[in-house]
Amino acid sequence: MTIFDWCKALEDTRVGEIVRESAFPYVEGVHVLGLALSVGTVVWFDLRLVGAAMRSRSVSGVFRDLKGWMIGGFCLMFLSGALLFTAHASKAYASGYFRAKMALIVLAGLNTAVYHLTIDRRRAEWSNAPIPPWAARAAGLLSLVLWFSVIAAGRIFAYNL
Amino acid sequence: MVWETLQPFVNRLGSSEFGQWIGQSTDRIAWLFVVHLVGLTLLLGGTFVIAIRLLNIGMRSQSVANLARDIAPWRMAGLLLSLMSGALIFTGGAVSYFEGGWFRWKMILLTVALIFNFTAFRIVAYADEDRFNPWLRRVVGGLTLLLWFGVGAAGRAIAFF
């Protein structure tokens, strides 16, 4: 069974049918407004890392405040995104924009993992610095670029659906 | 009614050379939607973090006024991006957008949200911690959230209903 066959089978499931025929506008609405809770919360941590917002607050404090909301926001996005995918899986799989979006999400995840495994381990040393070390700034900037690119790829994919 | 008064202006805008030029290219409209979503992410993301602080359910390690001041430039940039891209998207299909019930609801909600944002929300968010009753702060936080997410939801409804 190829990935394309698997996508077709997913579309034919009851869930795929319900989303495609009736729930699509509501699930897509949740996916779009969910941007405020996912990228819309991560953006403040990234801007703190870059040194462009909340400079008088520690990076650890900002992270503590946002952590639960960021995780919740991304869970909502993955769940609503997965439901949207079941409705048009084969078209999505065939779309270059959708593939770019998935690749960008993987890169954003890798960037987060690398940040947490490297410079973030020494966060106690620089948490209060208004401008964090270059590696943290680079991770923040890359995260902003990658997440806004995910939004762009997702929107253009949806526009061409 | 105000809608009838605006109709001749909308007709002129829709048939103007600029309106035709924007509406002609699906790529142009798609990229304007990307900018609209980037603006939405900053505006609604910023609104969300300030609102959960006003509701006293998150971001508790700093005062509302500090948080609101810290993220105001980015949140306002988001508002400007949304308004400018929204105006251009409207110009590309002025007459048909203007006829839609959801578009009119979005404009009404947007007007109320803007007025509320620059009056009650601004006064309460920027005030000293003990100046207003906690319940009043919660009501203002909840209303801000409802109004701005209502604008977003009405925007999605334009596309589907």
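Provided above is the structure to which this section pertains.
Observations regarding the overall build of chain B
Within chain B, the regular secondary structure consists of seven helices and zero strands. Going from N to C terminus, chain B has its helices and strands arranged as α-α-α-α-α-α-α. Considering only contacts in chain B between residues 6 or more positions apart, those separated by 24 or more positions represent 81%.

Looking at the interface of chain A and chain B
Across the boundary between the two partners, chain A contributes 27 residues, which contact 24 residues of chain B. Contributing elements (two or more residues each) for the side of chain A that touches chain B: helix H2 (14–33), helix H3 (39–50), helix H4 (59–87) and helix H8 (134–159) of chain A. Taken together, the residues of the side of chain A that touches chain B sort by class into 18 nonpolar, four polar and five charged.

A short note on the nonpolar core
Ranked by internal contacts, the top residues of the largest apolar core, which has 72 residues, are Trp44 of chain A together with Val49 and Ile50 of chain B. Counting residues per element, this core draws most heavily on helix H3 (residues 26–54) of chain B, at twelve residues. What Ile50 of chain B contacts, discounting residues up to four positions off in sequence, is Val64, Leu67, Ala68 and Ala125 of chain B.

Thoughts on the environment of Ala30 of chain B
All names here are of chain B. Relative to the helices and strands, Ala30 resides in helix H3. On the neighbour-count criterion, Ala30 (17 C-beta atoms within 10 Å) is partly exposed. In sequence terms Ala30 and Ile89 are 59 residues apart; their C-alpha atoms lie 9.2 Å from each other.

Considering unusual backbone geometry
In the Ramachandran plot, Met54 of chain A falls in the positive-phi region, its phi being about 55° despite a non-glycine side chain. Checked against the element boundaries, Met54 of chain A lands in the loop between H3 and H4. For Asn56 of chain B, which is not glycine, the phi torsion reads 65° and is therefore positive. Topologically, Asn56 of chain B is positioned in the loop between H3 and helix H4 (64–91). Accessibility expressed as a C-beta count within 10 Å gives 13 for Asn56 of chain B, which makes it partly exposed.

So, the environment of Trp44 of chain A
Among the structural elements, Trp44 of chain A can be located in helix H3. Residues within four places of Trp44 of chain A in sequence aside, it is in contact with Ala53, Met54, Val62 and Leu66 of chain A together with Val49 and Ile71 of chain B.

Considering H3 of chain A
Counted at 1.5 Å a residue, the expected span for H3 of chain A with its twelve residues is 16 Å, and the 16 Å between its end C-alpha atoms agrees. Judged by how many residues are buried, H3 of chain A sits mostly within the fold: eleven of twelve residues are covered. Within the sequence span of H3 of chain A, burial applies to Val39, Gly40, Thr41, Val42, Val43, Trp44, Phe45, Asp46, Leu47, Arg48 and Leu49 of chain A. Contacts from the buried residues of H3 of chain A go to H4 and H8 of chain A together with H3 and H4 of chain B. At the C-terminal side of H3 of chain A, Gly51 of chain A shows a positive phi close to 90°.

How each quantity is defined
- Residues numbered from 1 in each chain as written.
- Chains lettered and ligands numbered in written order.
- Predicted model: local features only at pLDDT ≥ 70, side-chain atom pairs only at ≥ 80, totals over all residues.
- Helix = DSSP H or I, 4+ residues; strand = E, 2+ residues; numbered from the N terminus.
- Contact = placed C-beta atoms within 7 Å.
- Nonpolar A, V, L, I, M, F, W, Y, C, P; charged D, E, K, R; others polar.
- Core = buried A, V, L, I, M, F, W, Y, C linked by C-beta atoms within 7 Å.
- Buried ≥ 20, exposed ≤ 12 C-beta atoms within 10 Å, placed from the backbone.
- Expected span 1.5 Å × (residues − 1).

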